[in-house]
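Below, each chain spelled out in residue letters.
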Amino acid sequence: MQKKMQWLWRSLVAILVSGLIVVTLIALQPSNAAIAPLPDPYLTTGKLAEGEKVFNEYLKNNSQDDKARFGLGVIQFMSGTERLMQSLYRYGMIQNPVSGSIPFFRLPVPQNPKPQTLTYDGLQQVFQNWIDDLATVRTTLEPIKDQNLKLALRLGLIRLDFDGNGKADDKEMLWQIFNSVTGANVTEKDAQQFLIAFDRADALWLQGYTHVLGAISEFLRAYDSRELFAACAHLFFQDVDTPHKFLLSTRRKSPEDYSSSFFEVLDLVSAVHLAKFPLAEPQRMTTILNHMKSVISLSRESWKSILAETDSDREWIPNPKQTSAIPQVRVTEEMVKSWLAALDEITAILDGKKNLPFWRDENLSIDFARIFTEPRTFDLGSWVQGTAATPYLEKGKVTDMNVWNTMVSAFGSNLFGFVVWFN
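Cut-off values and rules
- Residues numbered from 1 in each chain as written.
- Predicted model: local features only at pLDDT ≥ 70, side-chain atom pairs only at ≥ 80, totals over all residues.
- Heavy atoms only, no water.
- Helix = DSSP H or I, 4+ residues; strand = E, 2+ residues; numbered from the N terminus.
- Contact = heavy atoms within 4.5 Å.
- Salt bridge = Lys/Arg side-chain N within 4 Å of Asp/Glu carboxyl O.
- Buried < 20%, exposed > 50% of the residue type's maximum accessible area, 1.4 Å probe, protein only.
- Phe/Tyr/Trp six-rings, centres within 6.5 Å; stacked < 30°, edge-to-face > 60°.
- Axes fitted to C-alpha atoms, helices over the stretch in contact; angles between N-to-C directions.
- Parallel < 35°, antiparallel > 145°, perpendicular 65-115°, else oblique.
- Left-handed = near helix turned anticlockwise from the far one by under 90°.

This part is about the side chain of Thr 81. Along the chain, Thr 81 falls in helix H4 (residues 66-90). Not counting residues up to four positions away in its chain, the partners in contact with Thr 81 are Trp 130 and Leu 160.

This paragraph deals with the pattern of salt bridges. Counted according to the given criterion, the structure contains 17 salt bridges. Here Arg 284 makes a salt bridge to Glu 281, at a shortest N to O gap of 2.9 Å. Classification of Arg 284 as buried rests on a relative accessible area of 11%.

For the structure on display, the rule yields 23 aromatic pairs. Taking the centre distance of 5.6 Å and the plane angle of 75 degrees together, the rings of Phe 411 and Phe 422 count as edge-to-face. With Phe 411 in helix H16 (residues 401-411) and Phe 422 in helix H17 (residues 415-422), the pair connects residues that are 11 residues apart, well separated along the chain. Like Phe 422, Phe 411 is buried.

It is the contact of H4 with helix H8 (residues 200-222), at a shortest axis distance of 11 Å, that shows an interaxial angle of 30 degrees. Considered as vectors, H4 and H8 are oriented roughly parallel to each other. Relative to H8, H4 is oriented so that their crossing is left-handed. In this structure, H4 uses Phe 70, Val 74 and Phe 77 to contact H8, whose residues at the interface are Asp 202, Ala 203, Leu 206 and Leu 213.

What follows is the structure in structure tokens.
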């Protein structure tokens, strides 16, 4: 009996030791089942740099996780936006009615009590950094293929560190930016309840938007606007490197100050006069054309995905059978049909197969694509007059105006808003 007990104990010990060895060996093996991070904790706390690092580390071993890839793309886009705002803050961007009418300068950047002096080259570097950040987002988003991708985000609660002080407080939330830029009256409670379930179509949408913003930024880099900067940069920044120092002392002191409005009008007249830019980097014009082509291609692919959806889950951009997460907004079949027809028409224009009508002679038309493949000095006044179009005029096939009239009819007075939204 004693021998049997000893044998039993030895067997149990052997089993336990074997089990421990197996468990230890398993624990030492590299795990491919890492828990995927979510972007919300980093976006809503303003810890974008930390989030970007965590997602990059995760994707090194999980490159096929498209949900995580989309999350990283969103974080990178917000990081780029934050860097842009911090750059504008560093150089003391001014909030006034003039700056409020210019893209990028409409961002609600707080007043900097100790701004750095902005040079022309410094401003160009701000634009280039933005271009590079957008390219990073595109690189992240391009591999996404998962048709079942779903990522729920509360956009309004995203925090950005506007002034670069290392803290993203309650005043630096995305819903406040939205109110400032659009004039809406969204509350924090609204933002908390505004949840969007982004899908693959929205990943394509965001990728397309990086091309839209990239095209605008490339144009700002393609031409030499030094004279305009020297004469008018003081309208937008507190301290600028200009030979015309008197401009700094005769400008508006605050948005409510109208005593210098006469000088402001003179400055704006000068801005129109000086909107004649020599071509500095012609290769960027080709890049702009490629950006525009990519926007159209991605919009078409996005809508193909949107129209194939059968659910209705807090949609960013819905098809006619879905409900949008945006209150009181509905997409109709007429809208979608006219939008897709417009995409085809724009493709023909960008490929040089159709021209734009010329407002001074109905027998001539403008080869729009050649403006980018054969760029010249940009002269705003000459374009308004028509003489700047001369090198691109020909007797070619003009875009079908019925397409554009149908689009105006389908979208009505909200056409511009829908175009910005649809991308």
